[in-house]
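# Close look at the chain arrangement
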Amino acid sequence: MNDIRRTILWVIFGFSLVLLWDQWQVYNGNKPTFLSAPHPAATQPAAPGAVTQGAVPAAAGAPGNATAVPAQATAPVGEKLTVSTDVFKATIDAQGGTLSQLELRKYVDQTNNGGLIETFKKMIGQPVPPNEIKDVTLMEDGSPATRYVAQTGLLNPVDTGERFPTHLSPMTAKPGPREMADGQNTLEVVFESQPVGGLKYVKTYLFTRGDYSIRVKHQVVNTTDQPRDAQLYLQFVRHGTVASSTMFGTNTFTGPAIYTDEKKFHKVDFKDIEKKKVEVPPAANNGWIAMVQHYFVSAWLLNAPDSKELKREFRVADLGNNQFSVAMVLPLNKLAPGASQTIDTDLFAGPEEEKKLEALAPGLELVKDYGIFAIISKPLYWLLNQLHSLLGNWGWSIVALVVLLKAAFYWLNAKAYASMAKMKAINPKITEMRERMKDKPQEMQAEMMRIYREEKVNPMGGCFPIVIQIPVFIALYWVLLSSVEMRHAPWVLWIHDLSAPDPWFILPVVMTATSLFQTWLNPTPPDPMQAKLMWIMPLAFSVMFIFFPAGLVLYWITNNSLSILQQWFINKRLGVLGKK
């Protein structure tokens, strides 16, 4: 019975590893090995002449006076300005002053790291593609399959009223520098529209050295002799293609997110928007909107003292052609003739670094997806971060974290290994009894239970501590999966990226060796088939670990090594070392 349960646990654990590995393949830009990624749902293209990618339609249940951005038969073509800072290379479209492309200069993507496979191809004369290194592109106004932009504009709260400047309106860029010079701490870029419906819209981007938060100032001027009511909208438009998911949901969240003090952090699935099943938070005097993806996030925030209490309405929309939007709409004061109003906002666009996000806005750190075991993952990340502040290397921090976890579970593991050692000691007696009573299964089971009672052995004693630790392992997996700090983080020698597989496959080989040695220390199941399975499973896992990120393999090697030392000591003390 104990052998069967142990085998079942191995199978479940192995299947879980298969799914985790499959999803990591997806997140590293590879095709899933076992589960195919679904294609985005086909949607009907927009009607000719309709500029649907920029609409801000009313959300389900929103008041009827929420106005959509007007469609235009021919959208004006604006000048595209390139702005360079130490952290950004941004393209701003003069059509609406839209942030249409954003590259993060401190983060790179590369096609390959070199390694054993590339070396072997060179040896046999096969072509090896060059290792292209380029900055991470967070936003892009390309095809519908890649479109991701940040837009703003003005709405008339009256459906039948005049139209105001929107993200489709042509704007003029004021002269000034477009590149942050050495020693320069800020860079300002200003766009101004012609009056539309009596309102002129001036949008100012203020970039700060070393800061992923862009200050965006919105000035609205009433150029008429009549008062005007208007609303300011801030929105993201993004394609809805995301990585495939498994039954365990092992991919981090991608899509819109909304936060208010009342409803707290609220993720919005693209599929729910498509099915019109989204319940957005009610209008509030606080909150923010974001577009979340693996490692990086963009968010519209209201951090200026005079803007924090502005009432805001939240909207999401399916724009067709696999395009989705999330928007925050702010009512402006009634503008008297010749009067103006300015609203200061922040556009954060950068890495999901937890501490920095916490300082920007309440709940913003929640965009970092820790999965179902967030209550365990957050303290694990905190501990890992503290270790990194002492050691200065994420690889050694992972090793130190495993040491601390093994110390925390020392007595629990000791009981498990002692139980397994006792099982190993009575294995000859169990084997002899099974052979003698193989034709009497009921009597054999009763006799086995009697032997366990007499020897004071709990057949499940070796399994329970392992089950207890599985949530910790999964939580640590999510920490390594979601932490941008692991991206391209080096360890030692040939390991230059803890979030990518070992290019020389050395760590997976070491992991396999430690797993096989640990199997040798465990009691051998009396059933020959189960005994073979116990040796086959580590070899099967080793195939998956070839493609696991180096950080996770390092964790597994360290955990195996410490387990071997503890189990070796207990087996030697109980006199069962080397026995089958």
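This section reports on the structure supplied with the text. Think of each chain on its own: its residues are numbered from 1, step by step along the sequence as written. Predicted model: local features are reported for residues with pLDDT of at least 70 only, side-chain atom pairs are reported and counted for 80 or more only, and whole-chain, interface and lining totals are derived from all residues. Computation of side-chain values covers all heavy atoms of the structure but excludes hydrogens and water.

Glancing now at the pattern of salt bridges. Here, a salt bridge means any Lys or Arg side-chain nitrogen found within 4 Å of an Asp or Glu carboxyl oxygen. Applying the stated criterion to the full structure yields twelve salt bridges. Among the salt bridges present, the one from Asp 93 reaches Lys 80, with a minimum N-O distance of 2.9 Å. Of this pair, Asp 93 sits in strand β2 (residues 88–93) while Lys 80 is found in strand β1 (residues 80–84), placing the two residues 13 residues apart along the sequence. When the shortest N-O distance is used, the salt bridge between Lys 334 and Asp 229 registers 2.8 Å. One end of the pair, Lys 334, is in the loop between β16 (323–331) and β17 (340–351); the other, Asp 229, is in the loop between β9 (213–222) and β10 (231–239), with 105 residues separating them in the sequence. Residues participating in the shared-partner salt-bridge network are Lys 174, Glu 192 and Lys 200. For the purposes of this entry, the term helix denotes a DSSP run of H or I that reaches at least four residues, the term strand denotes a run of E that reaches at least two, and both are numbered from the N terminus.

Our next topic: the sheet that holds strand β12 (residues 264–267). One bridge is not enough; two strands pair if DSSP finds at least two bridges between them. Spatially, nine strands are ordered β6-β7-β8-β9-β17-β14-β13-β11-β12 in an open sheet, and the strand pairing comes out antiparallel. The sheet is open, and its two edges are formed by β6 (171–173) and β12, each paired on a single side. Sheet twist, expressed as the mean angle between neighbouring strand axes with direction ignored, is 20 degrees. Judged from the six bridges that link them, strand β14 (residues 296–301) and β17 form a sheet pairing that is antiparallel. Lines are fitted to the C-alpha atoms to define the axes, a helix being fitted only along its stretch in contact, and any angle between axes, read from their N-to-C directions, falls within 0 to 180 degrees.

With respect to the helices and strands, the residue Gly 176 is situated in the loop between β6 and β7 (186–193). Taking the C-alpha atoms as reference, Gly 176 lies 9.2 Å from Leu 187; in sequence the two are eleven residues apart.

Any residue under 20% of the maximum accessible area for its type is buried, any over 50% is exposed, and the rest in between are partly exposed; the area is computed with a 1.4 Å probe on protein chains only. The buried fraction of β14 is high, at six of six residues. With burial as the criterion, each face of β14 is covered, one bearing Phe 296, Ser 298 and Trp 300 and the other bearing Val 297, Ala 299 and Leu 301. One ladder, built from four bridges, connects strand β13 (residues 288–292) with β14; its direction is antiparallel. Within β14, the residue paired with Ala 290 across the bridge is Ala 299. Here β13 folds back onto β14, and the loop between the two strands holds three residues, one of which, Tyr 295, carries a positive phi near 80 degrees.

A few words on unusual backbone geometry. One non-glycine residue, Lys 264, adopts positive backbone phi at about 60 degrees. Mapped onto the fold, Lys 264 is located in strand β12. The exposure class of Lys 264 is partly exposed, given its relative accessible area of 45%. The backbone of Leu 493 sits at a positive phi, close to 50 degrees, despite the residue not being glycine. Looking at where Leu 493 falls in the secondary structure, it is placed in the loop between α10 (464–482) and α11 (506–521).

Before going further, it helps to spend a moment on the side chain of Asp 344. Structurally, the position occupied by Asp 344 is in strand β17. Accessibility expressed as a relative area gives 12% for Asp 344, which makes it buried.

Turning our eyes to something else, we now look at the packing of aromatic side chains. Within 6.5 Å between ring centres, the rings of Phe, Tyr and Trp (the latter by its six-membered ring) count as paired, and their orientation is classed by plane angle as stacked under 30 degrees, edge-to-face over 60, tilted in between. Here the structure, examined in full by the defined rule, presents 14 aromatic pairs. Ring plane angle 80 degrees and centroid distance 5.4 Å describe the contact between Tyr 107 and Phe 296, whose orientation is recorded as edge-to-face. Here Phe 296 lies in strand β14 and Tyr 107 lies in strand β3 (residues 98–110), a separation of 189 residues in the sequence. In this structure Tyr 107 comes out as buried when scored by relative accessible area, which is 15%.

Bringing helix α6 (residues 394–408) into the picture now. How far a helix is expected to stretch is found by multiplying one less than its residue total by 1.5 Å. Between its first and last C-alpha, α6 extends 21 Å over 15 residues, near the 21 Å set by a 1.5 Å rise per residue. Taken as a whole, α6 has its buried residues at Trp 394, Gly 395, Ser 397, Ile 398, Val 399, Ala 400, Leu 401, Val 402, Leu 405 and Lys 406. As used in this structure description, the phrase polar contact means that two N or O atoms lie within 3.5 Å; if the pair is within protein, one of them must be able to donate a hydrogen and the other to accept it, and residues adjacent in sequence are counted only when both atoms belong to side chains. Where α6 starts, the residue carrying a side-chain oxygen 2.8 Å from the main-chain nitrogen of Gly 395 turns out to be Asn 393.

Take the side chain of Gln 231 next. You can see Gln 231 is positioned in strand β10. Pairs of residues are marked as contacts when any of their non-hydrogen atoms sit within 4.5 Å. Filtering out sequence-adjacent residues up to four positions away, Gln 231 remains in contact with Gly 153, Leu 154, Leu 155, Pro 157, Arg 315, Val 329, Leu 330, Pro 331 and Leu 332.

Let's shift gears to the packing of helix α5 (residues 374–391) against α6. At a closest axis distance of 9 Å, the pairing of α5 and α6 adopts a crossing angle of 125 degrees. When the axes of α5 and α6 are compared, the pair comes out oblique. Here α5 and α6 pass one another in a crossing that is right-handed. On the side of α5, the interface is formed by Leu 380, Leu 383, Leu 384, Asn 385, Leu 387, His 388 and Leu 391, while α6 contributes Trp 394, Trp 396, Ser 397, Ile 398, Ala 400, Leu 401, Leu 404 and Leu 405. Put simply, Ala, Val, Leu, Ile, Met, Phe, Trp, Tyr, Cys and Pro go in the nonpolar bin, Asp, Glu, Lys and Arg in the charged bin, and everything else, Gly too, in the polar bin. In terms of residue class, the contact of α5 with α6 is made up of twelve nonpolar, three polar and no charged. Angular relationships are summarised with four words: roughly parallel below 35 degrees, roughly antiparallel beyond 145, roughly perpendicular across 65 to 115, and oblique for the angles in between. Less than a right angle of anticlockwise turn of the near helix away from the far helix marks a crossing as left-handed, whereas a clockwise turn marks it as right-handed.

Further remarks concern the environment of Gln 566. Tracing the backbone shows Gln 566 in helix α13 (residues 550–573). Look at Gln 566 and you get buried, because its relative accessible area is 9%. Sequence spacing of Gln 566 and Tyr 410 is 156 residues, and the spatial spacing of their C-alpha atoms is 8.6 Å.

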